[in-house]
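Descriptive analysis of the structure
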Number of protein chains: 2
Amino acid sequence: MSQDNDFTAKTIEYEQLLEDFKQLLKKNGLKFTIQREVILETLYNSDEHLTPEALHKKIQENYPDLKTGIATIYRTLGLLENEDIVTSLSFGAQGKKYELGAKEHHDHMICTECGSITEFVDAEIEKRQHAIADALGFLMKDHSMQIYGVCAECRKKLNI
Amino acid sequence: MSQDNDFTAKTIEYEQLLEDFKQLLKKNGLKFTIQREVILETLYNSDEHLTPEALHKKIQENYPDLKTGIATIYRTLGLLENEDIVTSLSFGAQGKKYELGAKEHHDHMICTECGSITEFVDAEIEKRQHAIADALGFLMKDHSMQIYGVCAECRKKLNI
DNA sequence: CTCTCTGCAAAGCCTTTGCAGATTG
DNA sequence: CAATCTGCAAAGGCTTTGCAGAGAG
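Residues numbered from 1 in each chain as written. Chains lettered and ligands numbered in written order. Predicted model: local features only at pLDDT ≥ 70, side-chain atom pairs only at ≥ 80, totals over all residues. Heavy atoms only, no water.

**Some thoughts on the overall build of chain A**
Along its length, chain A carries 6 helices and 5 strands. Of the regular secondary structure in chain A, the N- to C-terminal order runs α-α-α-α-β-β-β-β-α-β-α. Among the 160 residues that make up chain A, the fraction classed as buried is 42%. A separation of at least 24 residues holds for 50% of the contacts in chain A among residues at least 6 apart in sequence. Per element, the accessible surface of chain A, about 8,900 Å² overall, is 49% carbon and sulfur. (Helix = DSSP H or I, 4+ residues; strand = E, 2+ residues; numbered from the N terminus. Buried < 20%, exposed > 50% of the residue type's maximum accessible area, 1.4 Å probe, protein only. Contact = heavy atoms within 4.5 Å. Areas by Shrake-Rupley, 256 points an atom, 1.4 Å probe, with all protein chains shown as cover.)

This is the structure we're talking about:
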């Protein structure tokens, strides 16, 4: 569950993020609601990548008084994704998982045993990606990379 | 539609592929049916990554006499994916696209304007991926990388 | 001949949408 | 106050499944 590699880093403070979010809402004539704040906050405080359903559950646990509908989760996630505040990862058949996009760019290492996601960055790969996009005349906007395999923990357990 | 970069290469002949497929079926006590052959053949002859629906449509066009149900497409695709004959790419909300896995390993460059997918390979990136997985104690089985942006063609059209 | 496959239609997910009341600005 | 939001439940897509007849080995 918990990660202790050196590759991840939140590059933005929550207050800052919240401010940006409010700004964006205002700019688009949208309203700042408790639900939206709670969703942003929950995403911020989660090191895991969350499915809409997992996010919903987490919010229901942490804010039992606030009756948050799954529809609002979806609507807000869509909103946040449009505004590039969160990004989503698509998996095989299991749908999408969301994470805050406010971190330093990173890639994902996904354990096929336990489903955990470890993040990492590598400057060399980033550089090559740009070089390749350029070589093919492609205007690169974003990229994502996933490595699938068995994480260190599961390897110990399975002795492989 | 058509791609003319130097990065793609089919490394296996159709006859070979078909033979392997038959072998696999036999090994698992499964049967070789016209539908399965047609699906394999259509995937082989398509340079695009196909959604189950697109594949279905293509088959209906090319084999109007063969009434192929979408359920069979899904079942066969699942079978082929399990056997690592095809691999799937997941996109935002638009579901999955499948491609034959019988090519040299490659990554994907996806145009956010026209949705086209260009394949490429880069030895340096492949090498780094292994190095990173090793460094993190991860047993790497597979990986995928996508670059999102605007393809050369669309750039011309849009003048960007 | 036996066992697997297929097409069809029904059933199941996950996600989106319509609506009336609740909330924000 | 006017406009957006929310929760609920219904509606929508895409994918999977059950079944009876068709087809492969």
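**Observations regarding a nonpolar patch on the surface**
Taken together, A:L139, B:L158 and B:I160 make up a surface patch of nonpolar side chains, about 240 Å² in accessible area. Within the secondary structure layout, B:L158 lies in helix α6 (residues 152-158). (Patch = residues over 30% accessible without salt bridge, like charges linked within 9 Å, V, L, I, M, F, W, Y side chains within 5 Å. Salt bridge = Lys/Arg side-chain N within 4 Å of Asp/Glu carboxyl O.)

**Details of the packing of aromatic side chains**
Residues and elements named next belong to chain A. For the coordinates displayed, the defined rule picks out 3 aromatic pairs over all chains. Consider the rings of Y14 and Y44, whose centres lie 5.2 Å apart with planes at 50°: the pair is tilted. Of the two residues, Y14 is situated in helix α1 (residues 14-27) and Y44 in helix α2 (residues 34-44); the sequence distance between them amounts to 30 residues. Residue Y14 is classed as buried on the basis of its relative accessible area, which comes to 14%. For Y44, a relative accessible area of 11% puts it in the buried group. Taken together, a centroid distance of 6.5 Å and an interplanar angle of 75° make the contact between F21 and F32 edge-to-face. Of this pair, F21 sits in helix α1 while F32 sits in the loop between α1 and α2, and the two are 11 residues apart along the sequence. Among the residues examined, F21 registers a relative accessible area of 2% and is labelled buried. For F32, a relative accessible area of 34% translates into the label partly exposed. Positioned above the aromatic ring of F32, the side-chain terminus of K22 is 4.9 Å from the ring centre. (Phe/Tyr/Trp six-rings, centres within 6.5 Å; stacked < 30°, edge-to-face > 60°. Lys NZ or Arg CZ within 6 Å of the ring centre and 35° of its normal.)

**Quick look at the relation of the copies chain A and chain B**
Laying chain A over chain B is done by rotating through 180° and shifting 0.0 Å along the axis; what remains is an RMSD of 0.1 Å. Such a turn and shift between the copies fits a two-fold axis. Relative to the rotation axis, the closest C-alpha in chain A is found at A:M145, a distance of 2.0 Å. Taken together, the interface assignments show that 100% of the residues at the interface of chain A recur at the interface of chain B, consistent with an identical surface on both copies. (Least-squares fit on C-alpha atoms with pLDDT ≥ 70 in both.)

**Quick look at the interface of chain A and chain B**
Across the boundary between the two partners, chain A contributes 39 residues, which contact 39 residues of chain B. Taken together, both faces of the contact between chain A and chain B bury some 3,300 Å²; the carbon and sulfur share is 66%. Applying the counting criterion to the chain A and chain B interface returns 2 salt bridges. A salt bridge links B:D122 to A:R128, with the shortest nitrogen-to-oxygen separation between them at 2.4 Å. Secondary structure elements with two or more residues in the side of chain A that touches chain B: β3 (107-111), α5 (123-135), β5 (139-150) and α6 (152-158) of chain A. In terms of residues, the side of chain A that touches chain B owes the most to one element, β5(A), which gives 12 residues. Counted by class, the side of chain A that touches chain B contains 21 nonpolar, 10 polar and 8 charged residues. Of the strand pairs in this sheet, β5(A) and strand β5 (residues 139-150) of chain B are connected by 11 bridges, and their pairing is antiparallel. Residue pairing in the sheet places A:M145 in a bridge with B:M145 of β5(B). (Buried area = accessible area lost by both parts, 1.4 Å probe. Nonpolar A, V, L, I, M, F, W, Y, C, P; charged D, E, K, R; others polar. Pairing = 2+ DSSP bridges.)

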